[in-house]
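If you want the building blocks of each chain, they are given just below.
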Amino acid sequence: MKASNRAARHTIRTRAAQTRAARRAHRLVATGAPQTARTHLIAAGIDDHTAKRYAGAFSRGTTPTQTGETVVKLRGRRRKHVTVKLYDRATFTARLAFYRPKDLTAARMFEQAAHSLAA
């Protein structure tokens, strides 16, 4: 297989995964139920990788609307129940209005997302 074919297949897989994540996030946020910070960030237009990277820092210091529980898969067949913070749209929008990461590229993406939600 040529390197160009491999790169093209990788691009298609990546774009498909990003599209699926964005559609799922839009659908979940549209229900009106509180969602995780990562889901809100993806629905606001931030890509999945960046949302996963900054979701922890984004939610730090913010009081969640609700808390839920989810299962994380560990090695083998073991699973662990963990608590997740859930935010409603108003809380998320208020936090997004002033949160900016130190990375300038990511900060620009967060600023654009905040501007699009405010409009």
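Let me sum up the structure you'll find in this document. (Residues numbered from 1 in each chain as written. Predicted model: local features only at pLDDT ≥ 70, side-chain atom pairs only at ≥ 80, totals over all residues. Heavy atoms only, no water.)

Here we come to the pattern of salt bridges. Within this structure, the stated rule accounts for one salt bridge. One salt bridge in this structure joins Arg38 and Asp48, with 2.8 Å as the shortest N-O distance. Taken together, the residues Arg38 in helix α2 (residues 37–43) and Asp48 in helix α3 (residues 48–59) connect sequence positions ten residues apart. A residue is classified by how much of its surface remains accessible, and Asp48, at 25% relative accessible area, is partly exposed. (Salt bridge = Lys/Arg side-chain N within 4 Å of Asp/Glu carboxyl O. Helix = DSSP H or I, 4+ residues; strand = E, 2+ residues; numbered from the N terminus. Buried < 20%, exposed > 50% of the residue type's maximum accessible area, 1.4 Å probe, protein only.)

For α3, which comprises twelve residues, the first-to-last C-alpha distance of 16 Å matches the rise-based estimate of 16 Å (1.5 Å per residue) to within 8%. Along α3, the residues that are buried comprise Thr50, Ala51, Tyr54, Ala55, Phe58 and Ser59. Projected onto a plane normal to the axis of α3, the buried residues spread over an arc of 145 degrees and lie on a single side. Turned more than 90 degrees from where α3 packs its buried face, His49, Lys52 and Arg53 sit exposed. Looking at the buried residues of α3, the elements they touch are α2, β2 (79–86), α4 (89–96) and α5 (104–118). Two residues or fewer past α3, Gly61 is found with a positive phi of approximately 85 degrees. (Expected span 1.5 Å × (residues − 1). Arc of directions from axis to C-beta. Contact = heavy atoms within 4.5 Å.)

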